[in-house]
Amino acid sequence: MLITYVTFITERSLTSLYIYTNLSGMNFILNPWPWYVSGPLIALVMALLVYFGKTFGMSSNLKTMCTMLGANKFSDFFKVDWKEQSWNLVVVIGAIIGGYIAVNFLSNGVVTNLNPKTVSELSDLGFNNAGTNLVPKELYDFESIMSGKGLLILIIGGLLVGFGTRYADGCTSGHAITGLSSLQKPSLIAVIGFFIGGLIMTNLILPLIF
Amino acid sequence: MKHFKFLLVGIFFGIVLVKSEAVSWYRIYEMFRFQSFHMYGIIGTAVLSGMLFFLISKKRSVKNTLNETISFPSKDKGFIRYIIGGSIFGLGWALIGACPGPMYILLGTGVYSMLIVIASALVGTFLYGVIKDKLPH
């Protein structure tokens, strides 16, 4: 009688534990993470790098890679010891692996919960199924690239990002996260710049090219 | 491997940015159309948590793993380079929906055409290095 009871209780609690982890725990990880969880975790990345005696600056890697590819023969700007920056290249490799892990093992393919207005606006511009992928097929797919237009957009976008970050001495990680949280005026100016450029592109230029 | 901890930080960074949808082109579009709080919430709470981290480190003179007191990474004074450079970056960010961190992360998620973006970002960085002395800073 007692044994049956214990077995029953154990089974019940195991089942509920299973259901609990399955519904709350696992789904919490598999679903997209809310902003109030994501923001502090991004700050944690910065805090860890600062704690390790480094900084959170992803665009610096582009400069380091230029040096490695021989850009130091063309400009003194690239005359830096790239080995001193190798830790940051390791962060890049980690980020690639992290992206792979996140989509293959920690996602459930749920559609990005965009504002319905955004979805219909994008559909009017010719971007279909907004939110079903991380990036639009209309820009990043093989077909779009082969059409020439997609290729041109990716090249121009890359040039602007690469040139702009070095000119502004930092990107979202260095200025928006690290710079703003350490109350630096130059970073505030840079972030205002990010928004000037971003607002012009999204609101004025994108509707013209699509 | 002395860089192993940086590999782990990078992996964590990649996972967080995918799970937060900050690497989504659509989230960036939505942000610049002011149609969602999501991205503002992420950046806002990241900055607030970061402030807290710097504040506590300063107050308690926390030492980093190299046994130095944690200090603010400081940027040079200036205006023109930040506003113009920032705007150029913003134009690109909104167009391709990826900044220099997410470029690599998206490559890991299987967006292989991101290699084109990374290659041209390298060219853009190179161009800056070559003509920087002719630019106002």
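The structure we're discussing is the one just above.
Now for a quick tour of the structure. (Residues numbered from 1 in each chain as written. Chains lettered and ligands numbered in written order. Predicted model: local features only at pLDDT ≥ 70, side-chain atom pairs only at ≥ 80, totals over all residues. Heavy atoms only, no water.)

**What to know about the overall build of chain B**
In terms of regular secondary structure, chain B is built from six helices and zero strands. Along the chain direction, N to C, the helices and strands of chain B fall in the order α-α-α-α-α-α. Each principal axis of the C-alpha atoms in chain B carries an extent, and together these give about 45 × 40 × 40 Å. Within chain B, the fraction of its 137 residues that count as buried is 58%. When the accessible surface of chain B is summed, it comes to about 5,900 Å², and 66% of that surface belongs to carbon and sulfur atoms. Charge centroids of chain B, computed over 14 positive and 5 negative side chains, lie 6 Å from each other. (Helix = DSSP H or I, 4+ residues; strand = E, 2+ residues; numbered from the N terminus. Buried < 20%, exposed > 50% of the residue type's maximum accessible area, 1.4 Å probe, protein only. Areas by Shrake-Rupley, 256 points an atom, 1.4 Å probe, with all protein chains shown as cover. Lys, Arg positive; Asp, Glu negative; His and termini not counted. Charge placed at Lys NZ, Arg CZ, Asp CG, Glu CD.)

**As for the overall build of chain A**
The secondary structure content of chain A amounts to ten helices and zero strands. For chain A, the α and β elements follow one another from N to C terminus as α-α-α-α-α-α-α-α-α-α. Going through the 210 residues of chain A one by one, you find that 47% of them count as buried. Put simply, of all contacts in chain A between residues at least 6 apart along the chain, 46% involve residues at least 24 apart. (Contact = heavy atoms within 4.5 Å.)

**Considering the interface of chain A and chain B**
With 129 residues of chain A at the contact, the number on the chain B side is 106 residues. Among the residues of chain A in contact with chain B, Trp35(A), Leu134(A) and Tyr167(A) are the three that bury the most area, contributing 8% of the side total. Where chain A touches chain B, the interface holds two salt bridges. Among the salt bridges present, the one from Asp169(A) reaches Lys75(B), with a minimum N-O distance of 4.0 Å. It is helix 10 (residues 185-209) of chain A that contributes the most residues to the side of chain A that touches chain B, 19 residues altogether. (Buried area = accessible area lost by both parts, 1.4 Å probe. Salt bridge = Lys/Arg side-chain N within 4 Å of Asp/Glu carboxyl O.)

**Considering unusual backbone geometry**
Residues and elements named next belong to chain B. The backbone of Glu21 shows a phi angle near 70 degrees, a positive value even though the residue is not glycine. Despite not being glycine, Phe34 shows a phi value in the positive range, around 55 degrees. By the secondary structure assignment, Phe34 is in the loop between helix 2 (25-32) and helix 3 (38-59). Exposure remark for Phe34: the relative accessible area of 56% places this residue in the exposed category.

**A short note on the packing of aromatic side chains**
In total, this model carries 26 aromatic pairs over all chains according to the counting rule given. Measuring from ring centre to ring centre gives 6.0 Å for Phe163(A) and Tyr167(A), while their planes differ by 80 degrees; the resulting arrangement is edge-to-face. Of this pair, Phe163(A) and Tyr167(A) both sit in helix 8 (residues 149-167), separated by four residues, roughly a single helical turn. Residue Phe163(A) shares its accessibility class with Tyr167(A), and that shared class is buried. Centre to centre, the rings of Phe89(B) and Trp93(B) are 5.7 Å apart; their planes meet at 25 degrees, and the pair counts as stacked. (Phe/Tyr/Trp six-rings, centres within 6.5 Å; stacked < 30°, edge-to-face > 60°.)

**Some words on the state of the cysteines**
Following the criterion strictly, the structure yields zero disulfides over all chains and no others. Cys171(A) carries a free sulfur, and the closest cysteine sulfur to it, the one in Cys99(B), is 5.9 Å from it. With a relative accessible area of 2%, Cys171(A) lands in the buried category. (Disulfide = S-S within 2.5 Å.)

**Some points on helix 8 of chain A**
Helical geometry: 3.6 residues make up each α-helical turn, so side chains three or four residues apart lie on a common side. Residues and elements named next belong to chain A. The terminal C-alpha atoms of helix 8 lie 27 Å apart, and with 19 residues this matches the ideal 27 Å at 1.5 Å per residue to within 8%. All buried positions along helix 8 are accounted for by Gly150, Ile153, Leu154, Gly157, Gly158, Val161, Gly162, Phe163, Gly164, Thr165, Arg166 and Tyr167. Once helix 8 finishes, Asp169 follows within two positions and takes phi at roughly 60 degrees, a positive value. (Expected span 1.5 Å × (residues − 1).)

**Notes on the layout of surface pockets**
Over the atoms, a rolled probe matching the size of one water molecule traces out where space is still vacant. Taken as a whole, the largest pocket spans an internal volume of roughly 660 Å³. For the largest pocket, the lining is made up of 31 residues, of which Thr55(A), Ser60(A), Gln85(A), Arg166(A) and Asp169(A) are closest to its centre. For the lining of the largest pocket, the elements supplying multiple residues, two or more each, are helix 3 (60-68), helix 4 (86-105) and helix 9 (172-181) of chain A. What the second largest pocket holds in volume is close to 450 Å³. When residues of the lining of the second largest pocket are traced back to their parent elements, those giving at least two are helix 6 (137-140) of chain A together with helix 1 (4-19) of chain B. Residue composition of the lining of the second largest pocket, grouped by class: ten nonpolar, ten polar and four charged. (1 Å grid on protein atoms, 1.4 Å probe; cavity = no way out; pocket = protein on both sides within 12 Å on 5 of 7 lines; lining within 4 Å. Points joined across faces, edges and corners; volume = space filled by probe spheres on them. Nonpolar A, V, L, I, M, F, W, Y, C, P; charged D, E, K, R; others polar.)

**Some words on empty space enclosed by the protein**
Using the criterion set out here, one finds one cavity of 30 Å³ or more in the structure. Within this model, the largest cavity holds a volume of roughly 200 Å³. Contributing to the lining of the largest cavity are 18 residues, with Ile42(A), Thr172(A), Leu17(B), Ala22(B) and Cys99(B) lying nearest its centre. Among the elements of the structure, helix 9 of chain A together with helix 1 and helix 3 of chain B are those that each provide at least two residues to the lining of the largest cavity. A breakdown of the residues in the lining of the largest cavity according to their chemical character gives 15 nonpolar, three polar and no charged.

**Topic: the packing of helix 8 of chain A against helix 4 (residues 80-96) of chain B**
Any two packed helices are characterised by the angle at which their axes cross and by the distance between the axes. Direction vectors running N to C along helix 8 of chain A and helix 4 of chain B enclose 155 degrees, while the axes themselves pass 7 Å from each other. Classified by the angle between their axes, helix 8 of chain A and helix 4 of chain B sit roughly antiparallel to one another. Here the hand of the crossing between helix 8 of chain A and helix 4 of chain B comes out left-handed. Contacts between helix 8 of chain A and helix 4 of chain B involve Ile153(A), Leu154(A), Ile156(A), Gly157(A), Gly158(A), Leu160(A), Val161(A), Phe163(A), Gly164(A), Thr165(A), Arg166(A) and Tyr167(A) on the former and, on the latter, Ile80(B), Arg81(B), Ile84(B), Gly85(B), Ile88(B), Phe89(B), Leu91(B), Gly92(B), Trp93(B), Leu95(B) and Ile96(B). For the contact of helix 8 of chain A with helix 4 of chain B, the residue count by class is 15 nonpolar, six polar and two charged. (Axes fitted to C-alpha atoms, helices over the stretch in contact; angles between N-to-C directions. Parallel < 35°, antiparallel > 145°, perpendicular 65-115°, else oblique. Left-handed = near helix turned anticlockwise from the far one by under 90°.)

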